[in-house]
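Geometric and topological summary
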There are 2 protein chains.
Amino acid sequence: MSSLLTEQYADRIREALTDFLPEDEGASGVMRQVMNYSLSVGGKRVRPALTLAFCELCGGDTEKALPFAAAVEYIHTYSLIHDDLPCMDDDDMRRGQPSSHIRFGEANALLGGDALLTRAFGILAAADLPPALIVRAVDALSLYAGADGMIGGQVLDLAGEGKTLSADELKQIDILKTGALIKCACVLGCIAADAPWEQIAAAENFADALGIAFQIQDDILDVTSDSATLGKPVGSDEKNQKNTYVSRLGLARAREEEARYTAMAIEALDIFGDAADSLRAFAGALSGRLS
Amino acid sequence: MSSLLTEQYADRIREALTDFLPEDEGASGVMRQVMNYSLSVGGKRVRPALTLAFCELCGGDTEKALPFAAAVEYIHTYSLIHDDLPCMDDDDMRRGQPSSHIRFGEANALLGGDALLTRAFGILAAADLPPALIVRAVDALSLYAGADGMIGGQVLDLAGEGKTLSADELKQIDILKTGALIKCACVLGCIAADAPWEQIAAAENFADALGIAFQIQDDILDVTSDSATLGKPVGSDEKNQKNTYVSRLGLARAREEEARYTAMAIEALDIFGDAADSLRAFAGALSGRLS
């Protein structure tokens, strides 16, 4: 899903992710290595790009929004490290590389995830923005990444393993597990621009739909892709008896649903007019990748 | 180490810790249970009491500092949950109760720790204090709890297992592992009161000395106490081949060192005059407990 949107900001995001790492000395040097390893292994940077895109769309200064963008990617990265741990999904590979706990041992992977999560909020605090906006960003990140958001989704996901869930139950999990942080990325961009509530509401609607489209895409790729492209073993959902859109709806209907949610996401951008074209193209590229 | 200081604030702290839990429904209901279990099992609440004590000492409103106090205890509690996990210290008991992963399973314990850590920053953001002070608190908590602070100490601690460390190396670990969060608790109280830098510096000196005294005390209790009093098996440090002050210095010299650092902590409070008497008594009670 390479797109103009993610390419446009790629260099600045990469730089910001490194800038906010701890010092390369003593104990923090070890953590820097663990944190940097997972931050570096070729993610698509979708979330930070969304933060910058919404900041720009709402008339803000993307340079000042970079810490917000980086903070979201730190949270996303910690969640992948903890997700891969043996007591969670027990995945040895991530993005074509050994998972953090395979590379550094379980204890360091656990602590590296904790360090990324802890640092994310410090990065928000370092933004060159009015304190009142930073406090709103801290509140939003804590909410969307926490027990009422992303972590809540992981809890439901674990609780559903081995059970047969309905498509609606699956959707509820994905709204939290994947959707909450995507929503947070979009909202943080709006907050950085001190956007009015109608724009924030539009960003939320866009993110809700995109988050579900995103997860359906993941489920589809798990059965249609090969492990070289995917960077992890295919078929792991089936192996882990995971409920997926494909297992619930079949491949053809899953594809239809993915297209429907992508269209909803694009529609939510109407109030931004032509300025949102690159975001529309980004959402559209999702479907393109699957065809 | 029951003391007037911790008793004085106990009710308000207990209430605040519960107030900031997520809703009791759905996925967050599960996390609420996991988080509340570890928050409730009878900690001494030393850290939040220090936050409130320093806020009061610096002329601030302790009611408004309660979220800062609760946030520090959330961080402390998450660190205990993750510390007890099999890939870390592998402790089945904590404060006389089954550890979180024994009670709820490893995945929920991991996620419950993540949820406490994530929530801590949201609690800071909810404080009824000027945004500029909240941003300083977020910055401080992220720094002291992160790779350059508490987590850095855990990394050094793990790296030192099975090796023979000098007393100085041990001290460096403790300054980070135990001291950083105690320091953070004191500093957050000062920030809540918008205290001048001399008072913050005094709080830091107090915390540095107290943190080391605290850790020496822990090491001494691991060999002199019984498991009913301690709430966990005694001798676990020796079992895990941990470097402790007792193993390095012997019991008698460890006791001397503990008294020396306690005296340093008390001395750091000089600039506060008589107003700091309850804090002096609190630090003194440390030694009392050991005699």
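Residues numbered from 1 in each chain as written. Chains lettered and ligands numbered in written order. Predicted model: local features only at pLDDT ≥ 70, side-chain atom pairs only at ≥ 80, totals over all residues. Heavy atoms only, no water.

When helices and strands are counted, chain A shows 15 helices and two strands. Taken against the 2.2 N^0.38 rule, which gives 19 Å for 291 residues, the C-alpha radius of gyration of chain A at 18 Å falls within 12% of a compact globule. Dimensions of chain A along its principal axes, counting C-alpha atoms only, are 50 × 50 × 30 Å. Across the 291 residues in chain A, those meeting the buried criterion constitute 59%. For chain A, the share of sequence-separated contacts (at least 6 apart) that also reach a separation of at least 24 residues comes to 73%. Total accessible area on chain A is roughly 11,000 Å²; 48% of this is exposed by carbon and sulfur atoms. Of the side chains in chain A, 25 bear a positive and 44 a negative charge, and the two mean positions are spaced by 2 Å. (Helix = DSSP H or I, 4+ residues; strand = E, 2+ residues; numbered from the N terminus. Rg over C-alpha atoms; globule rule 2.2 N^0.38 Å. Buried < 20%, exposed > 50% of the residue type's maximum accessible area, 1.4 Å probe, protein only. Contact = heavy atoms within 4.5 Å. Areas by Shrake-Rupley, 256 points an atom, 1.4 Å probe, with all protein chains shown as cover. Lys, Arg positive; Asp, Glu negative; His and termini not counted. Charge placed at Lys NZ, Arg CZ, Asp CG, Glu CD.)

With that settled, the discussion passes to the interface of chain B and chain A. At the junction of the two partners, chain B supplies 41 residues and chain A supplies 41 residues. Both faces considered, chain B and chain A share a buried interface measuring about 3,300 Å² in area, 78% of it formed by carbon and sulfur atoms. Viewed at the interface, chain A and chain B are joined by zero salt bridges. Where chain B meets chain A, there are six residue pairs in polar contact (both at pLDDT 80 or more). Secondary structure elements with two or more residues in the side of chain B that touches chain A: helix 2 (26-40), helix 4 (62-84), helix 6 (106-125), helix 7 (131-145) and helix 8 (150-160) of chain B. Broken down by element, the side of chain B that touches chain A gets its largest block of residues, 12 residues, from helix 6 of chain B. Broken down by class, the residue content of the side of chain B that touches chain A amounts to 27 nonpolar, eight polar and six charged. (Buried area = accessible area lost by both parts, 1.4 Å probe. Salt bridge = Lys/Arg side-chain N within 4 Å of Asp/Glu carboxyl O. Polar contact = N/O pair within 3.5 Å; in protein donor to acceptor, adjacent residues only side chain to side chain. Nonpolar A, V, L, I, M, F, W, Y, C, P; charged D, E, K, R; others polar.)

Note on the copies: chain B fits chain A at an RMSD of 0.0 Å, the axial shift is 0.0 Å, and the rotation between them is 180°. When the rotation and shift are considered jointly, the pair of chain copies conforms to a two-fold rotation axis. Closest approach to the rotation axis among the C-alpha atoms of chain B is made by Pro131 of chain B, whose C-alpha sits 2.6 Å away. The residues that chain B uses at the interface reappear at the interface of chain A in 100% of cases, marking a shared surface. (Least-squares fit on C-alpha atoms with pLDDT ≥ 70 in both.)

Moving on to helix 9 (residues 167-192) of chain A. Residue and element names in this part refer to chain A. With 26 residues, helix 9 extends 35 Å from end C-alpha to end C-alpha; this agrees with the ideal 38 Å at 1.5 Å per step. The largest bend along helix 9 reaches roughly 50° and is located at Gly179. Of all 26 residues that make up helix 9, 19 are buried, and the element is covered over most of its length. Two residues or fewer past helix 9, Asp194 is found with a positive phi of approximately 50°. (Expected span 1.5 Å × (residues − 1). Bend = angle between axes of the 7 residues up to and from the residue.)

On to empty space enclosed by the protein, then. Counted according to the given criterion, the structure contains five cavities of 30 Å³ or more. For the largest cavity, the calculated volume is near 90 Å³. What lines the largest cavity is a set of 13 residues, and nearest its centre among them are Ser38, Val41, Ile81, Asp84 and Arg94 of chain A. Breaking the lining of the largest cavity down by element, the ones donating at least two residues are helix 2 (26-40), helix 4 (62-84) and strand 2 (97-98) of chain A. Per-element tally for the lining of the largest cavity: the top contributor is helix 4 of chain A, with four residues. Grouping the constituent residues of the lining of the largest cavity by class yields five nonpolar, five polar and three charged. Taken as a whole, the second largest cavity encloses approximately 80 Å³ of empty space. Lining of the second largest cavity is provided by Tyr37, Ser38, Val41, Thr77, Leu80, Ile81, Asp84, Arg94, Arg95, Pro98, Ser99 and Ser100 of chain B. Sorting the residues of the lining of the second largest cavity by element identifies helix 2 and helix 4 of chain B as the ones contributing at least two each. It is helix 4 of chain B that provides the largest number of residues to the lining of the second largest cavity, a total of four residues. (1 Å grid on protein atoms, 1.4 Å probe; cavity = no way out; pocket = protein on both sides within 12 Å on 5 of 7 lines; lining within 4 Å. Points joined across faces, edges and corners; volume = space filled by probe spheres on them.)

Time to look at the nonpolar core. Core analysis: the largest hydrophobic core is formed by 204 residues, its most contacted members being Leu50 and Phe206 of chain A together with Leu50, Phe54 and Phe206 of chain B. Sequence-distant contacts of Leu50 of chain B, that is, excluding residues within four places in its chain, are made with Ile182, Ala185, Cys186, Phe206, Leu210, Leu279 and Phe282 of chain B. (Core = buried A, V, L, I, M, F, W, Y, C linked by side-chain atoms within 4.5 Å.)

Right, let's talk about the packing of aromatic side chains for a bit. As enumerated under the stated definition, the model contains seven aromatic pairs over all chains in all. With 6.1 Å between their ring centres and 70° between their planes, Phe54 of chain B and Phe272 of chain B make a pair best called edge-to-face. Taken together, the residues Phe54 of chain B in helix 3 (residues 46-57) and Phe272 of chain B in the loop between helix 14 (251-267) and helix 15 (277-290) connect sequence positions 218 residues apart. We note that Phe54 of chain B, like Phe272 of chain B, is buried. Connected via pairs of aromatic rings, a cluster forms that spans Phe54, Phe206 and Phe272 of chain A. The ring centre of Tyr37 of chain A lies 5.6 Å from the NZ or CZ of Arg103 of chain A, which sits over that ring. Sitting above the plane of the Tyr261 of chain B ring, Arg260 of chain B keeps its charged end 5.0 Å from the centroid. (Phe/Tyr/Trp six-rings, centres within 6.5 Å; stacked < 30°, edge-to-face > 60°. Lys NZ or Arg CZ within 6 Å of the ring centre and 35° of its normal.)

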